[in-house]
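Observations on the model geometry
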Amino acid sequence: MTQYSINEDAIAESSGGEFEREPVPQSKLKSWKCFIGMYAGEHAAGTEFMIGPLFLTAGVSAFDLIVGLIIGNLLAVLSWRFLTAEIAVKNRLTLYFQLEKICGKKLVTGYNLANGILFCFLAGAMITVSATAVGIPFDMPMPKLTDTMPNGATWIIIVLLIGAVISIIAARGYETVSKAADWMSPFIVLAFLACGIVALNQLGVSSFTDFWNIWGEGSEPFPGQVKFTFWYVVIWSWFANAAMHIGMSDLSVFRFAKRARVGWVTAAGMYVGHYMAWIAAALLYAVYLKSPEAQGFLSLGDAPPVAPGPMAHNAIGVFGIIAVVLAGWTTANPTIYRAGLAFQAVLPKLSTAKVTILAGSLATIAGLFPAFAMKLLDFVALYGFILAPFGAVIVFEHFFHKKAGIIKNYAESAKLSFNKSVFWAWAISFGLFYFISVQFDVFLSFVTFPAWILCGVLFLVFSKLFQKQV
């Protein structure tokens, strides 16, 4: 064994094998094959069963959805490839450790808490999705689009059991999360495809003209929903994962990649999951909307419930129940893993497994409340808007620190616990564009990129003003 190998083994042992505060060593790097299953599984998963139908509740037209998703998902893939993966393979650090070097320990603690909690809420929504499938054999009442609280003891028990299983899988680390996705993702992708084909048959669609006549120009949004047009679809689909790509959260994943071009594998998640699966799930909901139950809700002026389990079961039977359960798992698993890494940055004395169990517990509690799943379009927009600007700090420092004449990783160099350049850059960009969103009723996804750009520029300006030579 070489000294280099001994050092790598020592790093792996001291970090619990996850390298939370060390660059990933060369021997632990993984090829694109280890990522494609994870991305296909994570993005052809539980969120897709919710988002597809929610597009219909927003009254989107066929053209706006089909073409808008092509463009928006391409922008997301390019963001992963040329920003996230590029920086990840250069530094090979988790998002949280990288931010600590730039922001300082105290400032990044607040970010980590917010990031971890938001990840838990997202994972909780996926536990909700899985619960709608597990509850079918027990004749469990499904949550309505307007529900916020648990609707009974059966719901609570099922959510708690699902959350426990998911947390245990996530706590076993990146290897287990990746392997779980590799095994589950082909099954889930096949299920989405089957659901789409069966739904088209149930709708009597035999040609594109039939499809267009059914979906056509869209409709008025359901009560309490925002009308989605072409640019809503493009921008929302680009920033549905804003925290992961321009927000740099997936530095924690791509730090294991051998080369930056591994970032292209995200296309598997975008065009299998965020394209085919969203449309297939929307078709399932279109079938449900023709049912007497849904028509009854609509006749009363209420929005019909969005329950992935019953919709998939109606299309492909028991296979659909299994697919929805696994789909929820494959999103919740890596999300809880990321949340665990965020919490470990705050609680470094706890092992990765313990903080991941903590994250899983919070996600399970969130899963008890259907509101996180039923308002997923709004929640995902808010989540990206809050976290993405911090990614701009990493991106602008990485690409422009020399031109701007600032010191890279300044908090580490100057031994700062609170880098005010980062804080004021984020606070001003967040405050300004959140005010614009509220005051002028602008959908948050539309102001995410301007806030990201402004945060990055202000960071460079403030760093130039406040930094001292060390």
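Residues numbered from 1 in each chain as written. Predicted model: local features only at pLDDT ≥ 70, side-chain atom pairs only at ≥ 80, totals over all residues. Heavy atoms only, no water.

1. What about the overall build of the protein chain?
- Counting its regular elements, the protein chain contains 21 helices and zero strands.
- Here the protein chain has a C-alpha radius of gyration of 22 Å; the compact-globule value for 470 residues is 23 Å, and the two agree.
- Taken along the three principal axes of its C-alpha coordinates, the protein chain extends 70 × 50 × 40 Å.
- Sequence-distant contacts, at least 24 apart, represent 84% of the contacts inside the protein chain between residues at least 6 apart.
- Each charge class in the protein chain was averaged separately, 30 positive and 25 negative side chains, and the resulting centres sit 13 Å apart. (Helix = DSSP H or I, 4+ residues; strand = E, 2+ residues; numbered from the N terminus. Rg over C-alpha atoms; globule rule 2.2 N^0.38 Å. Contact = heavy atoms within 4.5 Å. Lys, Arg positive; Asp, Glu negative; His and termini not counted. Charge placed at Lys NZ, Arg CZ, Asp CG, Glu CD.)

2. Remarks on a nonpolar patch on the surface
- Among the surface-exposed residues, Leu-347, Leu-350, Leu-358, Leu-362 and Ile-365 lie close enough to one another that they form a single nonpolar patch of about 370 Å² accessible area.
- As for its position among the elements, Leu-358 is in helix 16 (residues 352-367). (Patch = residues over 30% accessible without salt bridge, like charges linked within 9 Å, V, L, I, M, F, W, Y side chains within 5 Å. Areas by Shrake-Rupley, 256 points an atom, 1.4 Å probe, with all protein chains shown as cover. Salt bridge = Lys/Arg side-chain N within 4 Å of Asp/Glu carboxyl O.)

3. A short note on the packing of aromatic side chains
- In this structure the tally under the stated criterion is 39 aromatic pairs.
- Both rings, one in Phe-239 and one in Phe-449, keep their centres 6.1 Å apart while their planes meet at 20 degrees; by these two values the pair is stacked. Of this pair, Phe-239 sits in helix 10 (residues 230-239) while Phe-449 sits in helix 21 (residues 444-466), placing them 210 residues apart in sequence.
- Given a relative accessible area of 30%, Phe-449 falls into the partly exposed group.
- Each residue in the set Phe-55, Phe-228, Tyr-232, Trp-236, Trp-278, Phe-443 and Phe-446 is aromatic and connected to the rest through ring pairs, giving one cluster. (Phe/Tyr/Trp six-rings, centres within 6.5 Å; stacked < 30°, edge-to-face > 60°. Buried < 20%, exposed > 50% of the residue type's maximum accessible area, 1.4 Å probe, protein only.)

4. Considerations on the packing of helix 15 (residues 318-346) against helix 16
- Contact geometry for helix 15 and helix 16: axes closest at 8 Å, N-to-C directions at 120 degrees. By the angle class used here, helix 15 and helix 16 are oblique. In terms of crossing hand, the pair formed by helix 15 and helix 16 is right-handed. Residues Ile-336, Tyr-337, Ala-339, Gly-340, Phe-343 and Gln-344 of helix 15 form the contact with helix 16, whose participating residues are Thr-352, Val-355, Thr-356, Leu-358, Ala-359, Gly-360, Leu-362 and Ala-363. (Axes fitted to C-alpha atoms, helices over the stretch in contact; angles between N-to-C directions. Parallel < 35°, antiparallel > 145°, perpendicular 65-115°, else oblique. Left-handed = near helix turned anticlockwise from the far one by under 90°.)

5. Some remarks on the side chain of Thr-364
- Its place among the elements puts Thr-364 in helix 16.
- Those residues within four positions of Thr-364 in sequence are excluded, and the remaining contacts are Ile-127, Val-159, Leu-160, Gly-163, Ala-164 and Ser-167.

6. Regarding the environment of Thr-57
- Following the sequence through the fold, Thr-57 ends up in helix 3 (residues 46-57).
- For Thr-57, a relative accessible area of 0% corresponds to the buried category.
- Here Thr-57 is in contact with Leu-145, Pro-221, Phe-222, Gln-225, Tyr-285 and Val-306, once residues within four sequence places are set aside.

7. Focus: helix 14 (residues 308-316)
- Residues of helix 14 that are buried include every one of Pro-308, Gly-309, Met-311, Ala-312, Ala-315 and Ile-316, and no others. The buried side chains of helix 14 occupy one side of the element, clustering within an arc of 165 degrees when seen end-on.
- Positioned one or two residues after helix 14, Gly-317 has a phi angle of 70 degrees, which is positive. (Arc of directions from axis to C-beta.)

8. Considerations on unusual backbone geometry
- With phi around 55 degrees, Asp-139 is a residue other than glycine that occupies positive phi space.
- Counting through the fold element by element, Asp-139 comes out in the loop between helix 6 (105-134) and helix 7 (153-171).
- We note that Lys-415 has phi near 55 degrees; this positive angle belongs to a residue other than glycine.
- Judged by relative accessible area, Lys-415 falls into the exposed class, the value being 74%.

9. Some words on the environment of Val-355
- Take Val-355: it is sitting in helix 16.
- Considering only alpha carbons, one finds Val-355 and Asn-213, 142 residues apart in sequence, at a separation of 51 Å.
- Among all residues touching Val-355, those that are not within four sequence positions of it are Gly-340, Phe-343, Gln-344, Leu-347 and Leu-350.

10. Some words on the nonpolar core
- Residues Phe-55, Phe-228, Trp-236 and Leu-376 are the most contacted members of the largest nonpolar core, which totals 165 residues.
- In terms of residue count, the dominant contributor to this core is helix 18 (residues 376-404) (16 residues).
- Apart from the residues within four sequence positions on either side, Phe-228 is in contact with Phe-55, Ala-58, Gly-59, Val-60, Val-233, Trp-236, Leu-377 and Phe-443. (Core = buried A, V, L, I, M, F, W, Y, C linked by side-chain atoms within 4.5 Å.)

11. Digging into the packing of helix 5 (residues 95-103) against helix 18
- Interhelical geometry of helix 5 versus helix 18 gives an angle of 70 degrees and a closest axis separation of 11 Å. Considering the angle they form, helix 5 stands roughly perpendicular to helix 18. Facing helix 5, whose interface residues are Leu-95, Gln-98, Leu-99 and Ile-102, helix 18 presents Phe-390, Val-393, Ile-394 and Glu-397.
- Taken together, the residues that form the contact of helix 5 with helix 18 break down as six nonpolar, one polar and one charged. (Nonpolar A, V, L, I, M, F, W, Y, C, P; charged D, E, K, R; others polar.)

12. Looking at helix 5
- Among the nine residues that make up helix 5, nine are buried, leaving the element largely enclosed by the rest of the structure.
- All of the buried residues along helix 5 are Leu-95, Tyr-96, Phe-97, Gln-98, Leu-99, Glu-100, Lys-101, Ile-102 and Cys-103.
- Taken from the residues just after helix 5, Gly-104 is the one with a positive phi, measuring 100 degrees.

13. With respect to the confidence of the model for the protein chain
- Per-residue confidence for the protein chain gives a mean pLDDT of 85; residues scoring 70 or more make up 92%.
- The model gives residues 1-16 a pLDDT under 50, and that stretch makes 12 contacts with residues more than four places away or in other chains. (pLDDT = per-residue confidence, 0-100.)

14. Let's talk about the pattern of salt bridges
- Inspection of the entire model under this criterion finds three salt bridges.
- Among the ionic pairs, Glu-412 bridges to Lys-101, the shortest N-O distance being 2.7 Å. Taken together, the positions of Glu-412 in helix 19 (residues 410-414) and Lys-101 in helix 5 put the pair 311 residues apart, joining distant regions of the chain.

15. Quick word on the side chain of Ser-421
- Topologically, Ser-421 is positioned in helix 20 (residues 420-439).
- A polar contact of 3.5 Å, which involves the side chain of Ser-421, links it to the backbone nitrogen of Ser-463.
- Sequence-distant contacts of Ser-421, defined by excluding residues within four places in its chain, comprise Phe-459, Phe-462, Ser-463 and Phe-466. (Polar contact = N/O pair within 3.5 Å; in protein donor to acceptor, adjacent residues only side chain to side chain.)

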